[in-house]
Amino acid sequence: MESNVNNSLKLFIEYLQIEKNYSQYTIEHYQHDIREFFMFMSEQGLNSLDDIEYSDTRIYLTKLFDEQLSRKSVARKISCMRSFFKFLLRERIVNDNPFSLVSIPKLEKRLPDFFYEEELSELFKACETETALGKRNKAILELLYATGIRVGECCKIQMKDVDLSLSTVLVHGKRKKERYVPFGSFAHDALEEYILNGRPDLRKKEDHDYLFVNFRGGPLTDRGIREILNKLIEKSTLTGKIHPHKLRHSFATHMMSNGADMRTVQELLGHAFLSSTQVYTHVTKEHLRNIYMSHHPRA
(Lines give C-alpha, C1' and ligand atoms only; values in the text may rest on other atoms or scores of the structure.)
Protein backbone atom coordinates (compact mmCIF):
# COMPACT_ATOMS: atom_id res chain seq x y z
CA MET A 1 0.00 0.00 0.00
CA GLU A 2 2.69 2.48 1.07
CA SER A 3 4.51 2.77 -2.27
CA ASN A 4 1.22 3.00 -4.19
CA VAL A 5 -0.31 5.83 -2.13
CA ASN A 6 2.95 7.72 -1.70
CA ASN A 7 3.59 7.67 -5.44
CA SER A 8 0.05 8.98 -6.02
CA LEU A 9 0.67 11.77 -3.52
CA LYS A 10 3.98 12.62 -5.21
CA LEU A 11 2.24 12.96 -8.59
CA PHE A 12 -0.49 15.13 -7.06
CA ILE A 13 2.04 17.46 -5.40
CA GLU A 14 3.85 17.88 -8.74
CA TYR A 15 0.49 18.73 -10.31
CA LEU A 16 -0.16 21.40 -7.63
CA GLN A 17 3.31 22.86 -8.12
CA ILE A 18 3.50 22.85 -11.91
CA GLU A 19 -0.06 23.08 -13.23
CA LYS A 20 -1.83 24.87 -10.38
CA ASN A 21 1.17 26.98 -9.33
CA TYR A 22 0.15 26.79 -5.65
CA SER A 23 2.35 28.25 -2.93
CA GLN A 24 4.52 25.98 -0.81
CA TYR A 25 2.42 26.89 2.22
CA THR A 26 -0.78 25.68 0.50
CA ILE A 27 0.93 22.53 -0.76
CA GLU A 28 2.08 21.65 2.77
CA HIS A 29 -1.55 21.82 3.93
CA TYR A 30 -2.58 19.45 1.14
CA GLN A 31 0.20 17.03 2.04
CA HIS A 32 -0.73 17.07 5.71
CA ASP A 33 -4.44 16.45 5.08
CA ILE A 34 -3.82 13.66 2.56
CA ARG A 35 -1.32 11.89 4.83
CA GLU A 36 -3.92 12.04 7.60
CA PHE A 37 -6.33 10.24 5.28
CA PHE A 38 -3.65 7.63 4.52
CA MET A 39 -3.45 6.95 8.27
CA PHE A 40 -7.24 6.55 8.33
CA MET A 41 -6.95 4.03 5.45
CA SER A 42 -4.39 2.05 7.42
CA GLU A 43 -6.66 2.01 10.49
CA GLN A 44 -9.57 0.76 8.37
CA GLY A 45 -7.51 -1.91 6.62
CA LEU A 46 -7.86 -0.23 3.21
CA ASN A 47 -4.85 -1.11 1.06
CA SER A 48 -5.57 0.73 -2.18
CA LEU A 49 -6.93 4.14 -3.10
CA ASP A 50 -9.23 2.38 -5.55
CA ASP A 51 -10.77 0.47 -2.61
CA ILE A 52 -12.24 3.67 -1.11
CA GLU A 53 -16.01 3.78 -1.35
CA TYR A 54 -18.58 6.41 -0.43
CA SER A 55 -19.32 4.59 2.84
CA ASP A 56 -15.64 4.97 3.81
CA THR A 57 -15.79 8.70 3.24
CA ARG A 58 -18.80 8.92 5.57
CA ILE A 59 -16.84 7.09 8.28
CA TYR A 60 -13.93 9.49 7.71
CA LEU A 61 -16.27 12.48 7.99
CA THR A 62 -17.64 11.13 11.28
CA LYS A 63 -14.08 10.65 12.54
CA LEU A 64 -13.26 14.30 11.79
CA PHE A 65 -16.30 15.52 13.71
CA ASP A 66 -15.49 13.16 16.60
CA GLU A 67 -12.13 14.92 16.85
CA GLN A 68 -14.14 18.13 17.44
CA LEU A 69 -12.57 19.95 14.52
CA SER A 70 -14.17 23.19 13.40
CA ARG A 71 -16.51 23.12 10.42
CA LYS A 72 -13.93 25.14 8.50
CA SER A 73 -11.21 22.54 9.13
CA VAL A 74 -13.51 19.67 8.18
CA ALA A 75 -14.58 21.47 5.01
CA ARG A 76 -10.94 22.08 4.07
CA LYS A 77 -9.98 18.43 4.55
CA ILE A 78 -12.95 17.13 2.54
CA SER A 79 -12.27 19.66 -0.23
CA CYS A 80 -8.62 18.55 -0.26
CA MET A 81 -9.56 14.88 -0.62
CA ARG A 82 -12.10 15.67 -3.32
CA SER A 83 -9.40 17.47 -5.33
CA PHE A 84 -6.95 14.63 -4.74
CA PHE A 85 -9.33 11.96 -6.02
CA LYS A 86 -10.42 14.17 -8.91
CA PHE A 87 -6.77 14.26 -9.99
CA LEU A 88 -6.40 10.49 -9.50
CA LEU A 89 -9.51 9.93 -11.62
CA ARG A 90 -8.10 12.17 -14.35
CA GLU A 91 -4.86 10.19 -14.32
CA ARG A 92 -6.83 6.91 -14.34
CA ILE A 93 -5.23 5.81 -11.08
CA VAL A 94 -8.71 5.24 -9.60
CA ASN A 95 -12.05 4.49 -11.24
CA ASP A 96 -14.23 6.72 -9.09
CA ASN A 97 -14.14 9.81 -6.87
CA PRO A 98 -15.82 8.69 -3.63
CA PHE A 99 -15.63 12.24 -2.24
CA SER A 100 -17.66 13.76 -5.07
CA LEU A 101 -20.94 13.12 -3.22
CA VAL A 102 -19.74 14.13 0.25
CA SER A 103 -21.44 17.36 1.26
CA ILE A 104 -19.16 19.91 2.87
CA PRO A 105 -20.63 21.35 6.08
CA LYS A 106 -21.89 24.91 5.71
CA LEU A 107 -19.52 27.45 7.18
CA GLU A 108 -20.53 30.19 9.51
CA LYS A 109 -20.17 33.50 7.70
CA ARG A 110 -17.35 35.45 9.28
CA LEU A 111 -16.20 38.88 8.30
CA PRO A 112 -12.52 39.25 7.38
CA ASP A 113 -10.27 40.22 10.25
CA PHE A 114 -8.50 43.56 9.67
CA PHE A 115 -6.41 46.17 11.45
CA TYR A 116 -7.75 49.58 12.34
CA GLU A 117 -5.55 52.41 11.11
CA GLU A 118 -4.40 53.18 14.68
CA GLU A 119 -3.28 49.56 15.11
CA LEU A 120 -1.30 49.69 11.89
CA SER A 121 0.47 52.82 13.11
CA GLU A 122 1.64 50.86 16.16
CA LEU A 123 2.84 48.04 13.94
CA PHE A 124 4.86 50.37 11.73
CA LYS A 125 6.40 51.98 14.82
CA ALA A 126 7.69 48.56 15.87
CA CYS A 127 9.94 48.39 12.78
CA GLU A 128 13.55 49.28 13.43
CA THR A 129 15.37 50.47 10.32
CA GLU A 130 18.98 50.59 11.50
CA THR A 131 19.93 47.11 10.30
CA ALA A 132 19.61 45.43 6.91
CA LEU A 133 17.03 43.01 8.35
CA GLY A 134 15.08 45.92 9.81
CA LYS A 135 15.03 47.70 6.45
CA ARG A 136 13.80 44.49 4.81
CA ASN A 137 11.06 43.95 7.39
CA LYS A 138 9.82 47.52 7.04
CA ALA A 139 9.73 47.17 3.24
CA ILE A 140 7.74 43.91 3.50
CA LEU A 141 5.20 45.42 5.89
CA GLU A 142 4.79 48.58 3.83
CA LEU A 143 4.43 46.67 0.56
CA LEU A 144 1.89 44.15 1.89
CA TYR A 145 -0.32 46.90 3.25
CA ALA A 146 0.20 49.23 0.28
CA THR A 147 -0.76 46.63 -2.33
CA GLY A 148 -2.87 43.98 -0.62
CA ILE A 149 -0.87 41.25 -2.36
CA ARG A 150 -0.83 37.68 -1.06
CA VAL A 151 2.21 36.48 0.87
CA GLY A 152 2.94 33.88 -1.84
CA GLU A 153 2.91 36.66 -4.43
CA CYS A 154 5.24 38.75 -2.27
CA CYS A 155 7.82 35.94 -2.16
CA LYS A 156 7.84 35.64 -5.96
CA ILE A 157 8.65 39.31 -6.64
CA GLN A 158 11.95 39.79 -8.42
CA MET A 159 14.00 42.95 -8.78
CA LYS A 160 12.91 43.42 -12.38
CA ASP A 161 9.26 43.41 -11.27
CA VAL A 162 9.65 46.57 -9.19
CA ASP A 163 9.51 49.96 -10.95
CA LEU A 164 10.38 52.65 -8.41
CA SER A 165 10.05 55.42 -11.00
CA LEU A 166 6.37 54.55 -11.53
CA SER A 167 5.80 53.10 -8.03
CA THR A 168 4.36 49.87 -9.42
CA VAL A 169 5.09 46.19 -8.97
CA LEU A 170 4.35 43.34 -11.36
CA VAL A 171 2.60 40.64 -9.33
CA HIS A 172 2.58 37.01 -10.40
CA GLY A 173 -0.75 35.78 -9.05
CA LYS A 174 -2.70 32.57 -8.88
CA ARG A 175 -2.96 30.41 -12.00
CA LYS A 176 -0.08 32.33 -13.57
CA LYS A 177 -2.13 35.52 -13.89
CA GLU A 178 -0.12 38.73 -13.78
CA ARG A 179 -1.20 42.22 -12.75
CA TYR A 180 0.46 45.57 -12.11
CA VAL A 181 -0.26 47.04 -8.68
CA PRO A 182 0.68 50.60 -7.66
CA PHE A 183 2.06 51.51 -4.24
CA GLY A 184 2.31 54.78 -2.34
CA SER A 185 5.11 56.99 -1.08
CA PHE A 186 5.64 55.17 2.24
CA ALA A 187 6.14 51.82 0.50
CA HIS A 188 8.27 53.51 -2.17
CA ASP A 189 10.65 55.02 0.40
CA ALA A 190 10.89 51.77 2.39
CA LEU A 191 11.59 49.72 -0.76
CA GLU A 192 14.18 52.18 -2.05
CA GLU A 193 16.00 52.19 1.29
CA TYR A 194 15.96 48.38 1.45
CA ILE A 195 17.08 47.89 -2.17
CA LEU A 196 19.94 50.38 -1.86
CA ASN A 197 21.12 49.82 1.71
CA GLY A 198 19.65 46.53 2.96
CA ARG A 199 19.40 43.91 0.24
CA PRO A 200 23.08 44.08 -0.91
CA ASP A 201 24.25 43.25 2.64
CA LEU A 202 21.77 40.37 3.00
CA ARG A 203 22.24 38.80 -0.42
CA LYS A 204 25.96 38.20 0.18
CA LYS A 205 27.24 35.87 -2.55
CA GLU A 206 23.90 34.25 -3.36
CA ASP A 207 23.11 34.64 -7.06
CA HIS A 208 19.37 35.26 -7.56
CA ASP A 209 17.05 38.11 -8.48
CA TYR A 210 14.40 37.78 -5.75
CA LEU A 211 13.49 41.05 -4.05
CA PHE A 212 13.20 39.79 -0.48
CA VAL A 213 16.15 37.91 0.98
CA ASN A 214 16.55 35.87 4.17
CA PHE A 215 19.47 36.26 6.58
CA ARG A 216 21.43 33.53 4.73
CA GLY A 217 21.13 35.41 1.44
CA GLY A 218 18.59 33.11 -0.23
CA PRO A 219 15.01 33.94 -1.28
CA LEU A 220 12.61 34.59 1.58
CA THR A 221 9.75 32.07 1.90
CA ASP A 222 6.12 32.68 2.85
CA ARG A 223 6.78 30.99 6.19
CA GLY A 224 9.66 33.39 6.76
CA ILE A 225 7.38 36.37 6.16
CA ARG A 226 4.86 35.00 8.66
CA GLU A 227 7.59 34.73 11.31
CA ILE A 228 8.75 38.28 10.59
CA LEU A 229 5.23 39.66 11.03
CA ASN A 230 4.68 37.78 14.28
CA LYS A 231 7.96 39.15 15.69
CA LEU A 232 6.81 42.67 14.77
CA ILE A 233 3.58 42.07 16.70
CA GLU A 234 5.61 40.98 19.73
CA LYS A 235 7.65 44.19 19.58
CA SER A 236 4.56 46.40 19.25
CA THR A 237 1.87 47.24 21.81
CA LEU A 238 -0.58 45.00 19.94
CA THR A 239 -1.61 41.55 21.16
CA GLY A 240 -2.34 38.28 19.38
CA LYS A 241 -0.91 36.94 16.14
CA ILE A 242 -0.79 38.51 12.72
CA HIS A 243 -1.31 36.65 9.48
CA PRO A 244 -0.38 38.18 6.10
CA HIS A 245 -4.00 37.98 4.93
CA LYS A 246 -4.93 40.36 7.75
CA LEU A 247 -2.87 43.03 5.99
CA ARG A 248 -4.59 42.11 2.71
CA HIS A 249 -7.98 42.44 4.41
CA SER A 250 -6.90 45.76 5.92
CA PHE A 251 -5.84 47.09 2.51
CA ALA A 252 -9.20 46.19 0.93
CA THR A 253 -11.28 47.41 3.87
CA HIS A 254 -9.50 50.76 4.10
CA MET A 255 -9.68 51.27 0.33
CA MET A 256 -13.43 50.72 0.27
CA SER A 257 -14.02 52.68 3.48
CA ASN A 258 -12.36 55.65 1.80
CA GLY A 259 -14.48 55.47 -1.34
CA ALA A 260 -12.70 53.11 -3.75
CA ASP A 261 -15.06 51.31 -6.12
CA MET A 262 -15.39 47.54 -5.88
CA ARG A 263 -14.17 46.80 -9.41
CA THR A 264 -10.89 48.62 -8.78
CA VAL A 265 -10.34 46.78 -5.49
CA GLN A 266 -11.14 43.49 -7.26
CA GLU A 267 -8.48 44.19 -9.88
CA LEU A 268 -5.89 45.24 -7.31
CA LEU A 269 -6.49 42.14 -5.20
CA GLY A 270 -6.41 39.85 -8.23
CA HIS A 271 -9.81 38.33 -7.46
CA ALA A 272 -11.23 36.28 -10.32
CA PHE A 273 -14.80 36.95 -9.17
CA LEU A 274 -16.45 40.09 -7.85
CA SER A 275 -18.22 38.01 -5.19
CA SER A 276 -14.83 37.50 -3.48
CA THR A 277 -14.47 41.27 -3.16
CA GLN A 278 -18.05 41.93 -2.05
CA VAL A 279 -17.32 40.67 1.46
CA TYR A 280 -15.47 43.91 2.13
CA THR A 281 -18.66 45.92 1.65
CA HIS A 282 -20.06 44.03 4.64
CA VAL A 283 -16.93 44.84 6.63
CA THR A 284 -17.18 48.54 5.91
CA LYS A 285 -20.92 48.58 6.70
CA GLU A 286 -20.26 46.86 10.03
CA HIS A 287 -17.45 49.31 10.73
CA LEU A 288 -19.72 52.28 10.01
CA ARG A 289 -22.45 50.82 12.18
CA ASN A 290 -20.06 50.38 15.12
CA ILE A 291 -18.89 53.97 14.81
CA TYR A 292 -22.49 55.19 14.65
CA MET A 293 -23.55 53.16 17.71
CA SER A 294 -20.52 54.41 19.63
CA HIS A 295 -20.85 58.10 18.82
CA HIS A 296 -24.45 59.05 18.02
CA PRO A 297 -26.17 60.50 21.12
CA ARG A 298 -29.46 58.73 20.37
CA ALA A 299 -28.06 55.46 19.09
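Numbers given to residues run from 1 along each chain, matching the order in which its sequence is written. Only residues with pLDDT of at least 70 get local features here, since the model is predicted, and only at 80 or more are side-chain atom pairs given and counted; chain-wide, interface and lining totals rely on the full set of residues. Side-chain metrics in this entry use all non-hydrogen atoms of the structure; hydrogen atoms and water are not considered.

Chemist: Describe a negative patch on the surface, listing the residues and the values that go with them.
Modeler: Each patch is assembled from residues with relative accessible area greater than 30% and no salt bridge, linking like charges that lie within 9 Å and nonpolar side chains (Val, Leu, Ile, Met, Phe, Trp, Tyr) that lie within 5 Å. Note on areas: these come from Shrake-Rupley sampling with a 1.4 Å probe, and a residue is covered only by the protein chains present in the view. Criterion for a salt bridge: a side-chain nitrogen of Lys or Arg within 4 Å of a carboxyl oxygen of Asp or Glu. In this tally, Lys and Arg are treated as positive and Asp and Glu as negative; His is ignored, and so are the chain termini. The atoms used to mark charge sites are NZ of Lys, CZ of Arg, CG of Asp and CD of Glu. A cluster of acidic side chains, namely Asp 50, Asp 51, Glu 53 and Asp 96, defines a negative patch on the protein surface. Helix and strand assignments follow DSSP, with helices taken as H or I runs no shorter than four residues and strands as E runs no shorter than two, numbered in order from the N terminus. Within the secondary structure, Glu 53 is located in the loop between α2 (24-44) and α3 (54-66).

Chemist: Account for the packing of helix α5 (residues 117-125) against helix α6 (residues 132-147), with residues named and values stated.
Modeler: Two quantities define a packed helix pair, namely the angle between the helix axes and the distance between the axes. Fitting a line to C-alpha atoms yields each axis, with helices limited to the stretch in contact; the angle taken between N-to-C directions then spans 0 to 180 degrees. In contact at an axis separation of 10 Å, α5 and α6 are set at 160° when each is read in the N-to-C sense. Accordingly, the angle class assigned to the pair α5 and α6 is roughly antiparallel. In this structure, α5 contributes Leu 120, Leu 123 and Phe 124 to the contact, and α6 contributes Lys 138, Leu 141, Glu 142 and Tyr 145. In terms of residue class, the contact of α5 with α6 is made up of five nonpolar, no polar and two charged. Any angle that falls under 35 degrees is termed roughly parallel, while one over 145 is termed roughly antiparallel, one within 65 to 115 roughly perpendicular, and all others oblique. What makes two residues a contact is simply this: any of their non-hydrogen atoms within 4.5 Å. When residues are sorted by character, Ala, Val, Leu, Ile, Met, Phe, Trp, Tyr, Cys and Pro go into the nonpolar class, Asp, Glu, Lys and Arg into the charged class, and all the rest, Gly among them, into the polar class.

Chemist: Which residues make up the state of the cysteines, and what values do they have?
Modeler: Two cysteines joined by a covalent bond between their sulfur atoms form a disulfide. What counts as a disulfide here is a pair of cysteine sulfur atoms lying within 2.5 Å. In this structure the tally under the stated criterion is zero disulfides. Here Cys 154 is not cross-linked by a disulfide; its sulfur's nearest cysteine counterpart is in Cys 155, at 5.9 Å.

Chemist: Tell me what's going on with unusual backbone geometry, and back it up with residues and numbers.
Modeler: Even without being glycine, Arg 92 reaches a positive phi, approximately 60°. Relative to the helices and strands, Arg 92 resides in the loop between α4 (71-90) and α5. Given a relative accessible area of 74%, Arg 92 falls into the exposed group. Positive phi outside glycine occurs at Ser 167, with the angle close to 55°. Structurally, the position occupied by Ser 167 is in the loop between β1 (162-163) and β2 (168-172). Exposure is judged per residue with a 1.4 Å probe applied to protein chains only, and the accessible area is read against the type maximum: over 50% gives exposed, under 20% gives buried, and values in between give partly exposed. On the accessibility criterion, Ser 167 (17% relative accessible area) is buried.

Chemist: So what's going on with the nonpolar core? Which residues, and what values?
Modeler: The biggest cluster of nonpolar side chains holds 46 residues, and the ones touching the most others in it are Leu 123, Phe 212 and Ile 225. Going through the elements one at a time, α5, α6, α7 (151-156), β2, α8 (185-197), α10 (222-235), α11 (244-257) and α12 (262-269) are the ones with two or more residues in this core. Definition used in this section: a nonpolar core is a set of buried Ala, Val, Leu, Ile, Met, Phe, Trp, Tyr and Cys residues joined via side-chain atoms within 4.5 Å. Leu 16, Ile 34, Met 41 and Phe 99 belong to the second-largest nonpolar core, a separate cluster that totals 30 residues.

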